[in-house]
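A look at the structure
Listed below, chain by chain, are the residues.
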Amino acid sequence: MNAPIQWPKAVNEIPKAIFTDAALYEREIETIFHGAQWHALAHRAEIANPGDFKTMLLGRMPVIVANGEDGKIRVFFNSCTHRGNQVEMASCGNRKAFECPYHRWMFRTNGELAICPGSEEFSPGFDKKDYGLRELRTAEFCGLIFATASADTPALESWLGAVAGTLAGALGGDGRLKLLGYQKVRYASNWKAYSDNDGYHAPLLHVGFRLLGWQGGQGSQKPTPNGHLAFESQLKPVVNRDFLKDPSLIDLKATDPESGSLIAQLFPHTVITKHMDVINVRFATPISVDCTEVHYAYFSHADDSEELVRHRIRQSSNLLGPCGMVSMEDASIFNRIHIGSFTPGNAKFQKGVKRTDEVWFDVKQNDESGNLPKWNYYCQLMGFQRSEVA
Amino acid sequence: MSLPAAAMNVERQLLLSEIAEFNAAYAHCIDDDQLEQWPEFFAEDCEYQIIPRENVDLGLPAAIVFCDNRGMLIDRVVALRKANIYPAHYSRHVLGAPVLLDADGRGLHSQTSYVLMLTRMDGETRLFSAGKYVDVMVRENGVLRLKNRSVVFDTHRIDTLLVTPI
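Since this is a predicted model, take the numbers as computed values, not measurements.

**Observations regarding the overall build of chain B**
When helices and strands are tallied, chain B shows 3 helices and 8 strands. In chain B, the succession of α and β elements from N to C terminus is α-β-α-β-α-β-β-β-β-β-β. For 166 residues, the compact-globule estimate of 2.2 N^0.38 gives 15 Å, and the C-alpha radius of gyration of chain B, at 17 Å, lies within 12% of that figure. Oriented by its inertia axes, the alpha-carbon framework of chain B measures out at about 60 × 35 × 30 Å. A separation of at least 24 residues holds for 57% of the contacts in chain B among residues at least 6 apart in sequence. As displayed, chain B has an accessible area near 7900 Å², and 55% of this comes from carbon and sulfur atoms. Within chain B, the 23 negative side-chain charges are centred at a point lying 2 Å from the centre of the 16 positive side-chain charges.

Right, here's the structure in full:
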């Protein structure tokens, strides 16, 4: 039995044990993933047509995100209301109806139970109306579909708070997107190590940016009290374009360099980014205490020319994500933080830390301290008591 | 006048063995870490992509690597050598027999299955990727080169990252 985790007094420290503790992971699934938070599960562009659907996990619970025949998007538990069988196995597709193969119960795309053979012998008072697929609370922002399993989650707009503007920008301003495809990956890392280090970090890690003479520009970082982070930053022109045989890959064709990089990092671990001409939503799922799966979904905008779509495909396929030339280092860091976290003690944030007795929200672009409001929120949410002594 | 069936067959066998030899050399170039030579397997005007089979089946164009000229292949190798941080590893390609689909004015159209094993520094060898090459080869000064290689991979949930070409 491990010693209980002691949360340090200083707000710039977090116990490394939280990344590796299996019992804590179970509590997080209940408290955070099945609890009173919104979770981004799909973008409307992935399921654009009536009958389109996508399956996902909300924490550990399988769900179906379905575009109904009526054009309304709903999120259902992916479990037959009869005996609990998983209804849909495909990761995405188009259906006229969802049929459970076990006893051939068939549900309409709006969730209603349409057919249940042999119902004349069912329990007294059985009524099909009571046996529709169980629907979760759902909300939409610029086409991004959120769901929550809790009745206590605040309305989406107030949950997003100050991050909403950056999020809208990252989703192309109006969310009228078209799906370009997926990159799916598993990191050997706790979900918190993934979320704490994806999104934005000091550019020191990425040698590619240095070789290209491309160190970004002025920008801002805005944390919210409930664990979100918004980044907006200039992209300066690349100095050493000749470093690349084909520098057209890093052209900006549809992006104002003044706001060339937008990142919305939503608690607990969804990242939405528009960096250069890449529009990317990262749907993350905790698999176990030491494994996190991330689906990088890439998009173009509905108004793009054919030439711009091709440019977005080239950038989406080569720059960011787990195989991207300028950022695959992130993937290495996720795994290495996880391995390092099996050692005793605390991880300590330094850059931009002005005080250690309480968190603050006025942070600079490259300050590590932007992560601290999230850690403070997590500490409270999970019921940790800060140590009295330093 | 068409060739007699036996002659057709011999010609086909020669082409197949030439493609198999080309693929074997390509795989050893990567597995022996001679990546600076890897772009030379391609024509100057070429396309190379590594794309999840799931995206192909859904008609979605985004890939995990997509180069539409030989310069971009060189850029990938330079990034791997000079910029990227990743777990050191050995690659080991095991290739199936090529299937010749067509030979027309645009080149030789073939498909070849592969299995790619990855050995990271813990010493364990893991199946990293299974899939197929979908190729168009052309002849430049008598030598086969890839006009188009589309690596369509079944293993669409990547383990951590991909840096070395397939």
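**Concerning the domain arrangement of chain A**
Residue and element names in this part refer to chain A. Along its sequence, chain A is organised into domain 1 (13-20 + 162-381) and domain 2 (39-145). Computed over C-alpha atoms only, the centres of domain 1 and domain 2 are separated by 32 Å. Where domain 1 meets domain 2, there are 0 salt bridges. Counting across the interface, domain 1 meets domain 2 through 2 residue pairs in polar contact (both at pLDDT 80 or more). Mapped by element, the contributors of at least two residues to the side of domain 1 that touches domain 2 are helix 3 (164-170), strand 12 (177-187), strand 16 (270-275), strand 17 (278-288) and strand 18 (291-301). Ranked by residue count, the leading element in the side of domain 1 that touches domain 2 is strand 12, at 5 residues. Of the residues in the side of domain 1 that touches domain 2, the class split is 13 nonpolar, 5 polar and 3 charged.

**Some words on the sheet that holds strand 8 (residues 105-108) of chain A**
Residue and element names in this part refer to chain A. Taken together, 3 strands build an open sheet; the order of strands is 7-8-9 and the sheet is antiparallel. The strands lining the two open edges of the sheet, one partner per strand, are strand 7 (97-100) and strand 9 (113-115). For this sheet, the mean inter-axis angle between neighbouring strands, taken without regard to orientation, is 35°. As paired strands, strand 8 and strand 9 are joined by 2 bridges and run antiparallel to one another.

**With respect to the interface of chain A and chain B**
Accessible area lost upon the coming together of the parts serves often as the stated size of an interface. Taken residue by residue, the interface counts 36 residues in chain A and 35 residues in chain B. Contact between chain A and chain B buries roughly 3100 Å² in total, counting both sides, with carbon and sulfur atoms accounting for 57%. Applying the counting criterion to the chain A and chain B interface returns 5 salt bridges. The salt bridge involving E47 of chain B is made with R310 of chain A; its shortest N-O contact spans 3.4 Å. Summed over the shared surface of chain A and chain B, the number is 26 residue pairs in polar contact (both at pLDDT 80 or more). At 9 residues, the largest contribution of residues to the side of chain A that touches chain B is made by strand 12 of chain A. As paired elements, strand 12 of chain A and strand 8 (residues 157-159) of chain B share 3 bridges and run parallel to each other. Bridge pairing links K184 of chain A to R157 of chain B in strand 8 of chain B.

**Focus: unusual backbone geometry**
Omega for the bond connecting F267 of chain A with P268 of chain A falls within 30 degrees of zero, at 0°, which places this linkage in the cis form. In the Ramachandran plot, R104 of chain A falls in the positive-phi region, its phi being about 60° despite a non-glycine side chain. Locating R104 of chain A in the fold gives a position in the loop between strand 7 and strand 8. The exposure class assigned to R104 of chain A is partly exposed, which follows from its relative accessible area of 43%. Unusually for a residue other than glycine, N141 of chain B sits at a positive phi of about 50°.

**Re the sheet that holds strand 12 of chain A**
Each strand in a sheet pairs with another by means of backbone hydrogen bonds, the pair being arranged parallel or else antiparallel. Taken in spatial order, the 9 strands of this open sheet run 20(A)-13(A)-14(A)-15(A)-16(A)-17(A)-18(A)-12(A)-8(B), and their pairing is mixed. Only two strands of the sheet have a single neighbouring strand rather than two, namely strand 20 (363-364) of chain A together with strand 8 of chain B.

**A word on the pattern of salt bridges**
With the rule as written, the count across this model stands at 35 salt bridges over all chains. A salt bridge links R282 of chain A to D198 of chain A, with the nearest nitrogen and oxygen atoms 2.8 Å apart. Separated by 84 residues along the polypeptide, R282 of chain A in strand 17 and D198 of chain A in the loop between helix 4 (191-197) and helix 5 (207-211) bring together distant segments of the chain. Accessibility classification places R282 of chain A together with D198 of chain A in one group, the buried group. Sharing partners across several salt bridges, the network here consists of D246, R310 and R314 of chain A together with E47 and D68 of chain B.

Cut-offs and rules
- Residues numbered from 1 in each chain as written.
- Chains lettered and ligands numbered in written order.
- Predicted model: local features only at pLDDT ≥ 70, side-chain atom pairs only at ≥ 80, totals over all residues.
- Heavy atoms only, no water.
- Helix = DSSP H or I, 4+ residues; strand = E, 2+ residues; numbered from the N terminus.
- Rg over C-alpha atoms; globule rule 2.2 N^0.38 Å.
- Contact = heavy atoms within 4.5 Å.
- Areas by Shrake-Rupley, 256 points an atom, 1.4 Å probe, with all protein chains shown as cover.
- Lys, Arg positive; Asp, Glu negative; His and termini not counted.
- Charge placed at Lys NZ, Arg CZ, Asp CG, Glu CD.
- Domains from an automatic or database assignment.
- Salt bridge = Lys/Arg side-chain N within 4 Å of Asp/Glu carboxyl O.
- Polar contact = N/O pair within 3.5 Å; in protein donor to acceptor, adjacent residues only side chain to side chain.
- Nonpolar A, V, L, I, M, F, W, Y, C, P; charged D, E, K, R; others polar.
- Pairing = 2+ DSSP bridges.
- Axes fitted to C-alpha atoms, helices over the stretch in contact; angles between N-to-C directions.
- Buried area = accessible area lost by both parts, 1.4 Å probe.
- Buried < 20%, exposed > 50% of the residue type's maximum accessible area, 1.4 Å probe, protein only.

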